[in-house]
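# Working through the structure, step by step
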Amino acid sequence: MANKLPLKGDHVGSLLRTEPIKQARAAFAKEEIDKATLKEVEDREIEKLVQKQIEVGLKTITDGEFRRIIWHHDFFSGFEGIEMIKNERKATFGGGNKPKPITIVITGKIKNHDHYMIEHFKFLKKAVDKYGDGTQVAKFAIPAPSVIMYRSFNEREKEIYPNPVDMFHDLGVAYREVVKALYEAGCRYIQFDDTTFTAFNDQTFTKRMMESTGLSKEEILDLMIKTTNDVLQVKPEDLIITVHMCRGNFRSKHLHANGGYDYVAPIFDQLHYDAFFLEYDDERSGDFEPLKHINRRDVEIVLGLITSKFPELEESFAIKERMIEASQFIPLENLAISPQCGFASSEEGNVLTEEEQWNKIKHMLQIAESVFGKVAANK
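Okay, so let's go over this structure.

Bringing the overall build of the chain into the picture now. Helices and strands together make up the secondary structure of the chain, namely 11 helices and 10 strands. Computed over C-alpha atoms, the radius of gyration of the chain comes to 20 Å, within 12% of the 21 Å expected from 2.2 N^0.38 for 379 residues, which places it in the range of a compact globule. Its C-alpha atoms put the chain at 55 × 50 × 45 Å along the principal axes. Classification of the 379 residues of the chain by burial places 57% in the buried group. Taking contacts inside the chain between residues at least 6 apart in sequence as the whole, the part at least 24 apart equals 79%. Summing over all exposed atoms, the chain offers an accessible surface of approximately 15,700 Å²; the carbon and sulfur share of this is 50%. Positive and negative charge centroids in the chain, built from 51 and 61 side chains respectively, lie 2 Å apart.

Here it is, written out as structure tokens:
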């Protein structure tokens with residue numbers, strides 16, 4: 001069954017932090033306020049954010065990742081055996097931008113034990129139920145299991161997991177437990193964010209993965225596919241799990257992996273997701289031809305044709321033309337539209353204002369309605 005998504009115009013999840021959030025998190029970092037005070041501000045601002053998303057017409061509602069420093073580190077640090085530490089990161093984005101000096105390290109066997117973000121989702125759902133009209137769904141975004149490869153393994157980690165297959169096994173078990181806990185908390189829409197599959201055409205990235213694990217490129221890819229599907233196979237029928245695949249996004253700059261989806265599109269049919277959010281906002285992503293390898297018709301392909309990096313609104317006609325072009329390879333009824341990435345993969349956010357962010361989202365929803373019709377765009 002296609003059209004599993006709540007609407008044909010969606011967003012990836014992270015949103016620009018409001019000024020009260022920025023001020024409170026800065027004060028907390030300086031130990032000027034305690035964690036309880038920070039949470040009060042986060043709760044208040046997330047409730048406002050939920051109302052704003054409903055106001056502009058979104059049907060999938062997130063917490064904007066307002067409680068996170070960065071899209072993936074905070075989540076991984078919620079597992080036993082993984083810690084977030086201060087450490088200079090090697091990653092440098094376009095223009096020389098470098099993220100905050102934090103990373104994650106594996107300190108022991110990976111296990112899940114009452115992951116703290118379950119409470120984050122419960123608060124989100126309560127707010128959506130309070131302010132929505134019953135047509136909205138609370139979406140929770142977490143990094144995909146494969147994102148653990150978005151780094152190099154140190155010698156201590158190799159001692160803990162001499163065989164990366166064992167590491168992925170433990171990670172898969174932990175993820176299955178988190179998915180189960182989210183479902184039991186009322187979650188019916190989980191988005192996995194992934195920056196690794198799209199990097200397989202980047203020689204520097206794949207070389208680092210191979211050196212770090214001792215596995216070949218093909219073995220790493222197979223391991224990532226297996227672990228992902230091991231998690232997805234236990235999901236209940238009424239739980240939507242999608243994946244957002246991009247090439248990194250920090251302060252409106254990209255990280256790596258110029259080039260199309262030629263290498264990874266042929267394996268999309270092997271990944272048991274309900275929809276694929278794909279980055280397509282500029283020429284770096286290549287053309288739509290690799291989509292011809294997607295033969296499943298029970299999935300939606302969400303084209304990230306709207307950029308979250310810059311405030312200028314895309315020409316509606318040009319976006320519609322690109323959607324028609326994509327429909328040569330994927331039937332139009334299996335397509336949807338979104339920004340190519342979140343507006344704030346990290347708490348710093350992209351280089352545009354909150355008003356410009358909301359204008360982007362409203363513009364995207366208007367295009368979706370004009371292409372698919374009001375009912376289909378907001379079903």
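What follows concerns helix α6 (residues 164-184). If you check α6, its first and last C-alpha atoms are 30 Å apart, about what 21 residues at 1.5 Å a residue would give, namely 30 Å. Considered for burial, the residues of α6 that qualify are P164, M167, F168, D170, L171, G172, A174, Y175, V178, V179 and L182. Its side-chain oxygen 2.9 Å from the backbone nitrogen of V165, N163 forms the N-cap of α6.

Next up on the list: helix α7 (residues 203-213). Because an α-helix completes one turn every 3.6 residues, residues spaced three or four positions apart along the sequence face the same direction. Taken as a whole, α7 has its buried residues at F205, T206, M209, S212 and T213. Projection of α7 onto a plane perpendicular to its axis shows the buried side chains occupying an angular sector of 130 degrees, all on one side. Along α7, exposed side chains directed more than 90 degrees from the buried face belong to Q203, T204 and E211. Where α7 is buried, its residues contact α5 (155-160), α6 and α8 (217-232). Among the residues of α7, the N-terminal cap falls to D202, whose side-chain oxygen and the backbone nitrogen of T204 are separated by 3.0 Å. Positive backbone phi, at 80 degrees, marks G214, one or two positions downstream of α7.

Turning to the nonpolar core, a few remarks are in order. Membership of the largest hydrophobic core comes to 103 residues, with the highest contact counts inside it found for F79, F192, F268, I301 and L303. Those residues within four positions of F192 in sequence are excluded, and the remaining contacts are I142, A144, P145, Y175, V179, V231, L232, I241, T242, V243, H244 and Y273. In terms of nonpolar packing, the next biggest core, distinct from the first, is built from 9 residues, V12, V137, I240 and A336 among them.

What follows deals with the pattern of salt bridges. Under the defined criterion, the tally for this structure stands at 23 salt bridges. Between E347 and R25 there is a salt bridge, with the nearest N and O atoms lying 3.0 Å from each other. Placement of E347 in the loop between β10 (335-339) and α10 (354-372) and of R25 in helix α1 (residues 19-29) is noted, with a sequence separation of 322 residues between them. You can call E347 buried: its relative accessible area is 14%. Among the residues examined, R25 registers a relative accessible area of 15% and is labelled buried. Among the salt bridges present, the one from K180 reaches E184, with a minimum N-O distance of 2.6 Å.

Quick notes on the rules
- Residues numbered from 1 in each chain as written.
- Predicted model: local features only at pLDDT ≥ 70, side-chain atom pairs only at ≥ 80, totals over all residues.
- Heavy atoms only, no water.
- Helix = DSSP H or I, 4+ residues; strand = E, 2+ residues; numbered from the N terminus.
- Rg over C-alpha atoms; globule rule 2.2 N^0.38 Å.
- Buried < 20%, exposed > 50% of the residue type's maximum accessible area, 1.4 Å probe, protein only.
- Contact = heavy atoms within 4.5 Å.
- Areas by Shrake-Rupley, 256 points an atom, 1.4 Å probe, with all protein chains shown as cover.
- Lys, Arg positive; Asp, Glu negative; His and termini not counted.
- Charge placed at Lys NZ, Arg CZ, Asp CG, Glu CD.
- Expected span 1.5 Å × (residues − 1).
- Polar contact = N/O pair within 3.5 Å; in protein donor to acceptor, adjacent residues only side chain to side chain.
- Arc of directions from axis to C-beta.
- Core = buried A, V, L, I, M, F, W, Y, C linked by side-chain atoms within 4.5 Å.
- Salt bridge = Lys/Arg side-chain N within 4 Å of Asp/Glu carboxyl O.

Everything listed here is a matter of geometry and, on its own, says nothing about what the molecule does.
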